[in-house]
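# Structural features, examined
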Amino acid sequence: MLSLVRRHRRLALPFSTLHAPAPARASTPTPPSSLDASAVLETLSLYANDWRRALDFFHWSASPAGANLPPTAATLARAIDILGKHFEFPLATSLLLSHHDPEDPAFLRPALRALLNRLAAANLVDDALRAFDSTAASIGLRDEASFHLLVDALCDHRRVDEADHLCFGKDPPPFPPGTKTHNLLLRGWAKTRAWARLRQLWFDMDRRGVAKDLHSYSIYMDALAKSGKPWKAFKIFKEMKQKGVRIDTVAYNTAIHAVGLAQGVDSAVRLYRQMVDAGCKPNTATYNAIVKLFCKEGRFKEGYAFVQQMHKTSCKPNVLTYHCFFQYLSRPQEVLGLFEKMLERGCQPRMDTYVMLIKRFGRWGFLRPVFIVWKAMEEQGLSPDAFAYNALIDALLQKGMVDLARKYDEEMLAKGLSPKPRKELGTKLLEAESDSDNALNGVL
C-alpha cells in the first residue's frame, strides 16, 4: 500500500510541494515512513470513484500496522465525502460518529459539512435535516455554525426553496436568520438563476432590518452580472464605494468581470489598475478574469502577456488560467501544445480539465490528442469518472470505432459508473437510475 502511495505522489506532485505532516490529535509515535496527511488526502482523492479502496486505505493509514498516522479533520472529511458520493450514508455516519471526541467536537465539523453536502446533493433533504437534528446534536455540534452548513448545503445543490422554508416557514428556525443566513440564500437563488426571488430577498433584507455586508454586495453584484445586467452590477460597485464599504479583492474581481462584460476587456484592465492604485492586492482570480475576457475577444497574445505579469507577482497561473485558453483556442495543435506546457510547468490538471479537452478534440474529430490526454490522466493516477468515460466513448463513436467504444462502456459498467444510453452500442440506462444519479458522479 505504501509503495502505491509513493508512486502516486511521484505522478501527482513533486515531493517538495507537499505540506508538512499535520499535527496528531494525541501524542502518537511518528509514522515509520514519509507518508503525511497531504499524501493521505491526495491518495483518497485518487480513489474517489472506488469507495471500498478509499475506505480501506483510510483505515490502513490510521492503523498501527499501516502508516500509524491519525486522521486529520481534512482526511476524515474526504473519506466521508467519498462514501456519500456513492450513497453509503449509513457507513459515512458511522465513520463520523466513531471519531467523536467530547473534548474537541469542532474536529468533526468539516466531516459533518461533507455529510450534509452529500445528503443535499442526493436530494435527501429530510435526511439532511435529521442529520443536523440528531447526528450533529450527538457530537455536540448542533449550533449556529452547523445550521449555516445545512443551509449552505441545501442552497449549493439547488434546494433553495427548502432552505428558505427552513428559515422563514411557519415553524420558527433553529436559529434566527442573520446577515450570513441571508447571504447564503442570496447565493442559492443566484445559483438557481431565480433572479426575481434573489431581488425580492435583497429588498427583504432592508425591510427586516438585516445589515448588508461586503459579502451581500459581492453576491448581488455577481448575480446581476450573470443575469445579463453587468451595467447594474457596476452601478452597485459604485454604490459600495459611495457608502464607504471597504472593498476587498473578491469585490474588485466581481466588478472587473462585470465591467468587462458590459464595456469590454479594456475597461476591465483600467479598473484593475485602479484596484492596484488603491492598494488592493490582485490574486490569481483577478488575473484569470482579465485573461478570460482577452480570450473571449480573441486577443490571445494580450492574454498570454497578462499571464506573464502574473509571474512577476506572487500569483501563479492555475488550472483555471489554462481553462481560459482551452475554452476559446480554435486550433487543436495549439491546445495540445499548451496542455503539454501545463504539465511541464507542474500545473496538475483536474478531472474537468481532461473532460473538457477530450470533448473538444472529439468534436474536432482528432483521436490522437484524445488518447494523449487520456494517457496523461492515467499517469497522473486519476481514476476516470462518468463524464470522462462518456466523453471518450462519444469521441470513439463519432469516428466509427464501435468495438473500442464498447470496451470502455463495459469497463465503465464494471466500475459501477452510469453510461449514457447509446443506439450504436445497444445500451440503455437501468430503470432505477436517473439523470440526477448520473450527475452525482461528478459532484465534488
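Description of the structure in this document. (Residues numbered from 1 in each chain as written. Predicted model: local features only at pLDDT ≥ 70, side-chain atom pairs only at ≥ 80, totals over all residues. Heavy atoms only, no water.)

### Here's the deal with the packing of aromatic side chains
- Evaluation of the coordinates by the stated rule reveals 19 aromatic pairs.
- With 5.8 Å between their ring centres and 70° between their planes, Trp374 and Tyr408 make a pair best called edge-to-face. Linking Trp374 in helix H21 (residues 367–380) with Tyr408 in helix H23 (residues 402–414), this pair joins segments that are 34 residues apart in sequence. Across this residue pair, the class does not change: Trp374 and Tyr408 are buried.
- Each member of the aromatic cluster is reached from another via a ring pair, and the members are Tyr272, Tyr287, Phe294 and Phe306.
- A cation sits over an aromatic face here: Arg208 above Phe168, 4.0 Å from the ring centre.
- One Lys or Arg, Lys212, reaches over the ring of Trp202 and ends 3.7 Å from the middle of that ring. (Phe/Tyr/Trp six-rings, centres within 6.5 Å; stacked < 30°, edge-to-face > 60°. Helix = DSSP H or I, 4+ residues; strand = E, 2+ residues; numbered from the N terminus. Buried < 20%, exposed > 50% of the residue type's maximum accessible area, 1.4 Å probe, protein only. Lys NZ or Arg CZ within 6 Å of the ring centre and 35° of its normal.)

### Considerations on the nonpolar core
- In this structure, Ile80, Val151 and Phe339 are the most contacted members of the largest nonpolar core, which totals 142 residues.
- In terms of residues, this core owes the most to one element, helix H22 (residues 386–398), which gives nine residues.
- Excluding anything up to four places from it in sequence, Ile80 contacts Ala92, Leu95, Leu96, Ala111, Ala114 and Leu115. (Core = buried A, V, L, I, M, F, W, Y, C linked by side-chain atoms within 4.5 Å. Contact = heavy atoms within 4.5 Å.)

### Topic: empty space enclosed by the protein
- One pass over the full model with this rule turns up one cavity of 30 Å³ or more.
- Empty space within the largest cavity amounts to approximately 40 Å³.
- What lines the largest cavity is simply Ala37, Val40, Phe58, Ser61, Leu69, Pro70, Pro71, Thr72 and Thr75.
- Secondary-structure elements contributing two or more residues to the lining of the largest cavity are helix H2 (37–46) and helix H3 (51–62).
- Split into classes, the residues belonging to the lining of the largest cavity amount to six nonpolar, three polar and no charged. (1 Å grid on protein atoms, 1.4 Å probe; cavity = no way out; pocket = protein on both sides within 12 Å on 5 of 7 lines; lining within 4 Å. Points joined across faces, edges and corners; volume = space filled by probe spheres on them. Nonpolar A, V, L, I, M, F, W, Y, C, P; charged D, E, K, R; others polar.)

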